[in-house]
Structures are given as C-alpha cells and as structure tokens.
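Listed here are the chains, written in short residue letters.
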Amino acid sequence: MRLVVLGGTVFLSHAVAADAVARGHEVTCACRGTSGSVPEGARLVTWDRDQPVPAELAEGGFDAVVDVARHPSRVRSAVAALPDAHWVFVSTVNVYADDTTPGGTPGTIPLRDPITEDVDLAEDPEAYGGMKVACERIVLDEAASATVVRPGLIVGPGDPTGRFSYWPRRLARGGNVLAPGSPDDLMQVIDVRDLAAWIVTLAENRTEGVYDGVGEPMEMWRMLGECAAGVGDTGAAYTWVGQDRLTELDVEPWMGPESIPLWLPRPDYDGLPTHDVEPSLSAGLELRSIAETSRDTLAWLEEQPDAPVSGISAEREAELLRLATT
C-alpha cells in the first residue's frame, strides 16, 4: 500500500506512520517537518498546508491517506488533490452535541453544527468540534471512499497533553492518593498504538463508515487499579473525594496544572467517556490492557524527564487531602 500520512511527526500521526512502515507499506509523511522527525523508513515531503499541494503529492498514485487536520480549508484542498485514494479521517468525539448520554454510537448522537471556515482556537476553543464536523463532511462527500474515526482520550507513550500520564507517575509514588469523584464513575481511554494500528488496518481494507476510536468504558476504581498494577502496585491507598467537595476546593477537572486528570463533572459529562466500543471492535480494533499502557507510559516519562504531565503537584495533593478529610 502506498500511504500518505498528513502529519507523521507527533503522537498519533507518528504512530500511524511507524505502524505502516513496520508492516512494509510505502509511507509518505507530508507536513512542515518542524515538530519532530518522521519514523525511520518513511519519506518526508515538506508541505505547509496553507500553501499549494507539492508536486510529489499532486502526481497521485496513492492508495490511502490518513489525515488528522482540524481546518476545513486544509482538508478541502488535500481531498481535491488526492480524491482517488481511500481516506481515513481522524476526527473526535467532540463532534457530538450531547455529552450527557452514556453508551452512544455514531448515528445515535446529534452532531454539532458544522463550522466551514477556519477558526483560530486560541480565540474560540469551542469551534473545534464544529470544524471537525465540517472536515468529516468534506471527506465523506468528496473522497472516493472514506472512514471517519472519532477518538476519545488518546493516551500512552508520547502523549503531548500529559492527562493520563499524571496517573502512572502518581501511582508509582505510592502513599495516600486523592482519587476524584465517585469510584463508579465511568472513564475510557485508548492507547495511541492501538488506535494507530487500527487506522492502518482500516486503510488497508478500505473500510467505509464512521466509528468511535475509544477504549472500553470502565469504573474509575478499576482504571486506577489497572494503572497501579502496570507500575508495580506500590500499595497506594485511595481517598475518594466527591466532585462537590473538589469544586469547593477549586480543583479543576480534566487537565491543567490545577486539575486532577480523568475527572469530569457528572452528570454533565456522563456520555463523553462512555461511548460504545463494540462497533469498533467488530471493525477490527484491538485493545491492550490499561496496565500495559500505564507501564509503558511511565517508562517513557522516565526516559523523557521534560515530557508534559498535567495535574496538581504533590504538595497541592497533600493539602487537598488534609482539607478534604478534616
């Protein structure tokens, strides 16, 4: 297979290119090349996507394209240049307009209104989902054939957000752990390597349709337990602090320096981390254990001491535990 990865230097797109090279495919990564290097064995074609399509791509002859873009103009120009290839477009669960209903699948949850013009997310971060909706429509309407994959939270080695990374590092330290919300709150994550491998398989098979790229929904007590097992189970003890008390203590959800990652306010976000994974499993997605992801993420963090890790400091956690239990 002659595959074009629009990207190839960072996290998911890099993992896709690496997996495809490992399978023996001819991989071309088209990007500016300023965010990192492409995997060994892949060819780099330098392309600023606000500029005309380079001749190396315009000549065509490619079997499949993987694109992770969010700007409609960039997706529109790329599809116009490579309309005969099978497209795998990486979208997001943020295209859904309803974050409250658990167990949704594509076609059962309404989408956000499409935003067909490019928007600077620094000025309007809420435009992200709507732009991705518009990008999906371009691919589905104009490519010869297409798969749309809507990932949830992508985790694992190389994660530039540091959200999941908080937990392997924290649990490896052991001691009394502040666990957010209710032990029975559901959460789901997907290892970047599993998502990348599935994307390559979808491209190989020219699978058509729309799927959620998500892992198995599991209770937070189980997810944290698997994370702990992956880093050697240091005997961490959990103090569960409910969301009302966390809010009173000015703890932020999800990500950021004042957050406890993987915590989401309920019931407002009951649906966001609980999509039905069964259709994707039936389409070839294979998932590794959270323990394996946790182990490998910690190993990566130890090799990359400057890697981002989102979340509260150890000192802030100790202070919150004291305040929450007095």
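What you see is a predicted model; the values in this text were computed from it and never measured. (Residues numbered from 1 in each chain as written. Predicted model: local features only at pLDDT ≥ 70, side-chain atom pairs only at ≥ 80, totals over all residues. Heavy atoms only, no water.)

## Here's the deal with the overall build of the protein
Right, on to step 1. Looking only at helices and strands, one finds 11 helices and 15 strands in the protein.
Right, on to step 2. At 20 Å, the protein has a C-alpha radius of gyration in line with the 20 Å of a compact globule built from 326 residues.
Right, on to step 3. Dimensions along the principal axes, computed over C-alpha positions, put the protein at roughly 70 × 40 × 40 Å.
Right, on to step 4. Within the protein, the proportion of its 326 residues that are buried is 51%.
Right, on to step 5. In the protein, the share of contacts with a sequence separation of at least 24, taken over all contacts with a separation of at least 6, comes to 73%.
Right, on to step 6. Total accessible area on the protein is roughly 13700 Å²; 47% of this is exposed by carbon and sulfur atoms.
Right, on to step 7. Side chains of the protein carry 25 positive and 52 negative charges; the gap between the two charge centres is 2 Å. (Helix = DSSP H or I, 4+ residues; strand = E, 2+ residues; numbered from the N terminus. Rg over C-alpha atoms; globule rule 2.2 N^0.38 Å. Buried < 20%, exposed > 50% of the residue type's maximum accessible area, 1.4 Å probe, protein only. Contact = heavy atoms within 4.5 Å. Areas by Shrake-Rupley, 256 points an atom, 1.4 Å probe, with all protein chains shown as cover. Lys, Arg positive; Asp, Glu negative; His and termini not counted. Charge placed at Lys NZ, Arg CZ, Asp CG, Glu CD.)

## Some details on a negative patch on the surface
Right, on to step 1. A cluster of like negative charges, contributed by Asp 120, Glu 123, Asp 124 and Glu 126, occupies part of the molecular surface.
Right, on to step 2. As for its placement among the helices and strands, Asp 120 is situated in the loop between β5 (86–90) and α4 (127–142). (Patch = residues over 30% accessible without salt bridge, like charges linked within 9 Å, V, L, I, M, F, W, Y side chains within 5 Å. Salt bridge = Lys/Arg side-chain N within 4 Å of Asp/Glu carboxyl O.)

## Quick notes on the nonpolar core
Right, on to step 1. Of all hydrophobic cores here, the largest spans 70 residues; its most connected members are Leu 12, Val 16, Trp 167, Leu 171, Leu 195, Ile 199 and Leu 262.
Right, on to step 2. Tallying contributions element by element places helix α6 (residues 192–205) first for this core, with eight residues.
Right, on to step 3. Discounting chain neighbours no more than four positions away, the residues touching Leu 12 are Val 90, Ile 154, Val 192, Leu 195, Ala 196 and Ile 199.
Right, on to step 4. Among the nonpolar cores identified, the runner-up in size contains 21 residues, and Trp 47, Val 79, Phe 89 and Ile 138 belong to it. (Core = buried A, V, L, I, M, F, W, Y, C linked by side-chain atoms within 4.5 Å.)

## Here we look at the side chain of Lys 132
Right, on to step 1. With respect to the element layout, Lys 132 can be found in helix α4.
Right, on to step 2. There is no salt bridge for the buried Lys 132, and the closest opposite charge comes from Asp 67, which lies 7.2 Å off by N-O distance.
Right, on to step 3. One polar contact links the side chain of Lys 132 to the main-chain carbonyl oxygen of Ala 69, over a distance of 2.8 Å.
Right, on to step 4. Each residue touching Lys 132, except ones within four places of it in the same chain, is listed here: Val 68, Ala 69, Arg 70, Phe 89, Val 90, Ser 91, Thr 92 and Val 95. (Polar contact = N/O pair within 3.5 Å; in protein donor to acceptor, adjacent residues only side chain to side chain.)

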